[in-house]
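Descriptive analysis of the structure
What follows is each chain in one-letter form.
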Amino acid sequence: QVQLLESGGGLVQAGGSVRLSCAAAGRTFSTSVMGWFRQAPGQEREFVAAISWNGISTRYADSVKARFTIYRDNAKNTVYLQMDSLKPEDTAVYYCGSADWWPARSADFGSWGQGTQVTVSS
């Protein structure tokens, strides 16, 4: 499995922007589907965005469309989540995960990192 490490979270004001990074270790990164998920206290883990191995195909949750952008740099073994126009309801721990094929169901993602906290104040 791919080992993942998320970073870039923090405290931001509503309307602000944050870029999350997920660094991966392992030779399979460049052929893996990558995704971002989030989980707020007391809630289930929620799908946010996914990107195919070559970066051509992307998919977003309706709640983040036009605000978040997922992209990857396979040469750096890193996937990013650019989050703009942040809202208080975006507050959560954000995780990245990997899957073996596209399109992948949410349940197909695994190899989770430890997550990074994003807190949006109003």
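Structure: see above.
Here we summarise the structure given alongside this text. If you're wondering where the values come from, they're calculated on a predicted model, not measured in any experiment. (Residues numbered from 1 in each chain as written. Predicted model: local features only at pLDDT ≥ 70, side-chain atom pairs only at ≥ 80, totals over all residues. Heavy atoms only, no water.)

Attention now moves to the packing of aromatic side chains. The full count for this structure, using the stated rule, is four aromatic pairs. Measuring from ring centre to ring centre gives 4.8 Å for Y71 and Y80, while their planes differ by 20 degrees; the resulting arrangement is stacked. Here Y71 falls in the partly exposed class, since its relative accessible area comes to 31%. Clustering of aromatic rings is evident, with ring pairs tying together F37, F47, F109 and W112. Geometry around F29 places R72 over its ring, the cationic atom sitting 4.6 Å from the centre. (Phe/Tyr/Trp six-rings, centres within 6.5 Å; stacked < 30°, edge-to-face > 60°. Buried < 20%, exposed > 50% of the residue type's maximum accessible area, 1.4 Å probe, protein only. Lys NZ or Arg CZ within 6 Å of the ring centre and 35° of its normal.)

The next subject is the side chain of E6. In this fold, E6 is placed in strand β1 (residues 3-7). Here E6 is buried and forms no salt bridge, its nearest opposite-charge partner R45 lying at an N-O distance of 7.4 Å. A polar side-chain atom of E6 sits 2.8 Å from the main-chain amide nitrogen of C96. One polar contact links the side chain of E6 to the main-chain amide nitrogen of G115, over a distance of 2.8 Å. In contact with E6, other than residues within four places in its own chain, are S21, C22, W36, Y94, Y95, C96, G113, Q114, G115 and T116. (Helix = DSSP H or I, 4+ residues; strand = E, 2+ residues; numbered from the N terminus. Lys, Arg positive; Asp, Glu negative; His and termini not counted. Salt bridge = Lys/Arg side-chain N within 4 Å of Asp/Glu carboxyl O. Polar contact = N/O pair within 3.5 Å; in protein donor to acceptor, adjacent residues only side chain to side chain. Contact = heavy atoms within 4.5 Å.)

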